[in-house]
Amino acid sequence: MTSTNYRPMIVTQCPALSAKAKADAGRLGWTGLGCAPLAGRQFRDGFLAGRMQVDIGQFFAEHDIVPVLIDRAPLVFAKVVYRAKKLVDAGKELQPVEVREEPKVEWCADPTALYTLIMLDPDSPSRMEPWNREFAHWLVGNIPGRHVEQGETMFQYMPVFPRAGSGCHRYIFLIFRQHCWNDYAAVPRVSSKNRTPRIRFSTRDFAYRYSLGTPVAGNFFLAQYDDYVPVLLSHYPDSNDF
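Conventions used here
Residues numbered from 1 in each chain as written. Predicted model: local features only at pLDDT ≥ 70, side-chain atom pairs only at ≥ 80, totals over all residues. Heavy atoms only, no water. Helix = DSSP H or I, 4+ residues; strand = E, 2+ residues; numbered from the N terminus. Buried < 20%, exposed > 50% of the residue type's maximum accessible area, 1.4 Å probe, protein only. Contact = heavy atoms within 4.5 Å. Areas by Shrake-Rupley, 256 points an atom, 1.4 Å probe, with all protein chains shown as cover. pLDDT = per-residue confidence, 0-100. Pairing = 2+ DSSP bridges. Phe/Tyr/Trp six-rings, centres within 6.5 Å; stacked < 30°, edge-to-face > 60°. Lys NZ or Arg CZ within 6 Å of the ring centre and 35° of its normal.

Student: Can you help me understand the overall build of the protein in this one?
Tutor: Helices and strands together make up the secondary structure of the protein, namely four helices and nine strands. Counting from the amino terminus, the protein carries its helices and strands in the arrangement α-α-β-β-β-β-β-β-β-β-α-β-α. A burial count over the protein gives 52% of its 242 residues as buried. Pairs at least 24 apart in sequence give 74% of the contacts found in the protein among residues at least 6 apart. Carbon and sulfur atoms make up 52% of the accessible area of the protein, which amounts to about 11,000 Å² in all.

Written as structure tokens, this is what we have:
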């Protein structure tokens, strides 16, 4: 069964989820394995409002994320919210100023499981010439349930700063369910000011190395250069690594 033919199970039919996870799914307005949206029902705060039986595989394929960057699309959309309730919504454009701070990421996680979160830009420095592909903006592992703040942060969140004239960049969030606690000691710890270790990251290789498999949830947005980018870059050391 391919990701484009995926149809989620109803939560009550999914034995892998605990009673608490099912309760969380109901509280968030989610149903299905990994929090797929219920047809005709809106997520809290209007997330993916009005969409019915959203085919996440189609979105990820149309934006050349699958199979270029990952082999299969996530099972369902994650909810990613920036300040002022700015929602990441399946490829819609956001402004760099709107995504300058670390967002809140939610998915219907099993509270007994561990997860890894990756945010990446495959279009660095541009989609036509992505010789820095991939630029990893955020990397957190060993996340207990959906509590990202309690996970092991390897790459601190770094805002987006697409270059002038480089067009729209894709910024992708992927959440992987781990089989067990992962030893990430070999992964460098990178501050929010350090760009160099983030370039030429490979999600596919990282997932293979740590047996992460197919992402269970994900989302993405587009952003391009505007007048705020130089303001943002003024707070960082000079570098061409973006």
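Student: What should I look at first to understand the confidence of the model for the protein in this one?
Tutor: With 76% of its residues at a pLDDT of 70 or more, the protein shows a mean pLDDT of 82. Counting contacts from residues 1-18, a segment whose pLDDT is below 50, to residues more than four positions away or on other chains yields 40 contacts.

Student: Even after reading the chapter, I still don't get the pairing of strand E2 (residues 79-82), so can you show me in this structure?
Tutor: Sheet faces and side chains relate simply in a regular strand, where the side chains alternate between the two faces. Covered by surrounding structure in E2 are Lys79 and Val81 together with Val80 and Tyr82, the residues of both alternating faces. Inspection of the sheet shows E2 paired to strand E4 (residues 104-106) by three bridges, in the antiparallel sense. Note on E4: the bridge partner recorded for Val80 is Val105. As paired strands, E2 and strand E3 (residues 86-87) are joined by two bridges and run antiparallel to one another. Residue pairing in the sheet places Val81 in a bridge with Leu87 of E3. Joining the antiparallel neighbours E2 and E3 is a turn of three residues, in which Ala84 adopts a positive phi near 60°.

Student: Sorry if this is basic, but what is going on with the sheet that holds strand E5 (residues 114-121) here?
Tutor: Strand pairing in a sheet takes place through backbone hydrogen bonds and is either antiparallel or parallel in direction. If you trace the six strands from one edge of the open sheet to the other, you get E1-E9-E8-E5-E6-E7, paired in mixed fashion. Each end of this open sheet is capped by a strand with a single partner; those strands are strand E1 (76-77) and strand E7 (152-155). Strand direction decides the pairing type here: E1 and strand E9 (residues 217-223), joined by two bridges, are parallel. Within E9, the position partnered with Val76 by the bridge is Ala217.

Student: Can you walk me through the sheet that holds E2 in this structure?
Tutor: Strand order in the open sheet formed by three strands is E3-E2-E4, with antiparallel pairing between adjacent strands. If you trace the sheet from one side to the other, it starts and ends with E3 and E4, each paired once.

Student: Before we go on, may I ask you to explain the packing of aromatic side chains in this structure?
Tutor: The geometry of an aromatic ring pair is captured by the separation of the ring centres together with the interplanar angle, meaning the angle of the planes. Enumeration over the complete set of coordinates arrives at 15 aromatic pairs. Centroid distance Tyr184 to Phe206: 5.7 Å. Interplanar angle 15°. Geometry classified as stacked. Of this pair, Tyr184 sits in the loop between strand E8 (169-177) and helix H3 (203-209) while Phe206 sits in helix H3, and the two are 22 residues apart along the sequence. With respect to class, Tyr184 is no different from Phe206; both count as buried. For Lys193, the ring lying beneath its charged end belongs to Tyr236, and the centroid distance is 4.5 Å. Sitting above the plane of the Phe161 ring, Arg195 keeps its charged end 5.4 Å from the centroid.

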